[in-house]
Amino acid sequence: MMNWRKYVHELTDDQVDSDFDHHSSEYAERNDELLKELREKCPVAWSENHGGYFVVTSYDTVSTAAKDWATYSSGNDEGAGPKQGGLHPTNPHKNGIQEEDPPKHLEIRKPLNKYFSRTAVKELEPEIRQYASWAIDQVIESGECDLSTDVFTTVTALVTNKLLGLPLNEASKHAEAMHDILKIPPGSSERAAAEELLQWSLGQFREAALARREDPSDDIISAIATMKVGGDLLPLEEVVGGSYLFMSGGVDTTSALLSNTFVYLDKNPDLRRQLMENPNMLEGACEEFIRYFSPVQGLARTVTKDCTLGAQSLSTDDRVLLSFAGANMDATVFEEPESVQIARRPNPHVGFGAGVHRCIGKHVASSMFCITVEQVFARMLDLRIDHEKSRRYQSLGIINGWDSVWARFTPGTRVTTTTVL
Ligand code: HEM
């Protein structure tokens, strides 16, 4: 076991916020305030929670660490070594390329890029549109729904299952597994049930991977299951981990972005009107909402050699949490960071990360966002959010998400003639 406490004695009082815990209910209530205080007081601060870790909150320090994969490793030794991967505390299931360092990381990522290019995403758009229409059809006659589950998660889960090559009728069960494992903090009483459901998902990925090795198709699981890395097929569990990464990256992030956006627009009707009248502004707005909400709040790295970050000395094997949310609110980079400015240009946010791990799915995310927003605007014209009834995640430590976003609207009629499920 590492002696985390030894470092605390080398830090000044200003460099220690021993209470900070990104999984706490306090963080869930006032994450931006806590991050601002840390960024201004000490952008690389020590917390004693979860075995001890440094919290990195300024734009400069987060981007420096995210781009220096050799010093700040994404690797996950799965308990066999000091590298503990992207989640803090660690995730026992290795999470695909997000938890690999170059050169292996690039060898796996390169053949997958073609599924996520602008051209590939353009080709996917008719399906995204169909899924969004169909999801809205399921609730449009009732005049009320939970937008987060019924529409946003349905769309993102269908698109992600389609990309992975998994049956669409299991999309909602996979989505539930991804939501639960990301929102239920380690150590809580509901965690065992979340782990069990996750095992179901991993089992489905395993079955699909074995089948695709025999009979490959044009989808991501086939691509991961059949690629050769260093001349060999990847071990089966790495194919499972790779599929898990795409499922969790594809579903929860964009649905969290959509939920936050609609809650915000309900409180800012002028902006909502502006976007309804100018759909060409949605792409830029998507970038700004990603900066403002940081759907992925932060991810961890393990330090591989003694070094200095933001005037803070770090030692080999230290854990650091890169707070994308903290960096995205840094006033030294973003003018008036606490205001949403949909025309903000340039907008060098790190909501999609930075460096070699920068999000591979960003064009898919943007398309799912723009198409879903346009369709909700067009079909739920007088939509209002029930803020009292809507619930955020109890832990925002990883994903800034919502359990439910209840909405009411004048009932409408169905439009799709083909069924999706
Ligand atoms: C608003 C939506 C999204 C946000 C905010 C987001 C955010 C991020 C961030 C911050 C990273 C960097 C991870 C790191 O540095 O360790 C990342 C990586 C990744 N994302 Fe996304 N993501 C989104 C949508 C998607 C979608 C739709 C997919 C797939 C369908 C996806 C798949 C991935 C994958 C596979 C990686 C790992 C890339 C690598 O390690 O090379 N993401 N994403």
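Residues numbered from 1 in each chain as written. Predicted model: local features only at pLDDT ≥ 70, side-chain atom pairs only at ≥ 80, totals over all residues. Heavy atoms only, no water.

Caption draft 1: Geometry of the sheet that holds strand 10 (residues 319-323). The strand order across the open sheet formed by 5 strands is 1-2-10-7-3, and the pairing between neighbours is mixed. Bordering the open sheet on either side are strand 1 (44-47) and strand 3 (72-73), each of which pairs with just one other strand. With 4 bridges joining them, strand 1 and strand 2 (residues 53-56) adopt antiparallel strand pairing. Counted as the bridge partner of Ser47 is Tyr53 from strand 2. Lying on the sheet, helix 3 (residues 59-67) is in contact with strand 1, strand 2, strand 3 and strand 10; it crosses strand 10 at an angle near 120°. (Pairing = 2+ DSSP bridges. Helix = DSSP H or I, 4+ residues; strand = E, 2+ residues; numbered from the N terminus. Contact = heavy atoms within 4.5 Å. Axes fitted to C-alpha atoms, helices over the stretch in contact; angles between N-to-C directions.)

Caption draft 2: Region of the structure containing the site of the ligand. Near the ligand, the surroundings consist of 27 residues, among which His105, Arg109, Arg301, His357 and Cys359 are the closest. Separating an oxygen atom of the ligand from a side-chain N or O atom of His105 is a distance of 2.6 Å. Arg301 places a side-chain nitrogen or oxygen 2.8 Å from an oxygen atom of the ligand. Going through the elements one at a time, helix 4 (104-109), helix 10 (236-267), strand 7 (298-303) and helix 14 (362-379) are the ones with two or more residues in the shell around the ligand. Looking at the shell around the ligand residue by residue, the classes come out as 15 nonpolar, 10 polar and 2 charged. (Near = heavy atom within 4 Å. Polar contact = N/O pair within 3.5 Å; in protein donor to acceptor, adjacent residues only side chain to side chain. Nonpolar A, V, L, I, M, F, W, Y, C, P; charged D, E, K, R; others polar.)

Caption draft 3: Unusual backbone geometry, seen in detail. Residue Pro89 is bonded to the preceding His88 through a cis peptide linkage, with omega at 0°. You can see Pro89 is positioned in the loop between strand 3 and helix 4. Across the junction of Arg345 and Pro346, the peptide omega takes the value -5°, indicating a cis bond. Relative to the assigned elements, Pro346 resides in the loop between helix 13 (324-327) and helix 14. Even without glycine at this site, Glu78 takes up a positive phi of about 50°. With respect to the secondary-structure elements, Glu78 resides in the loop between strand 3 and helix 4. A positive phi angle, near 80°, is found at Asp317, a position not held by glycine.

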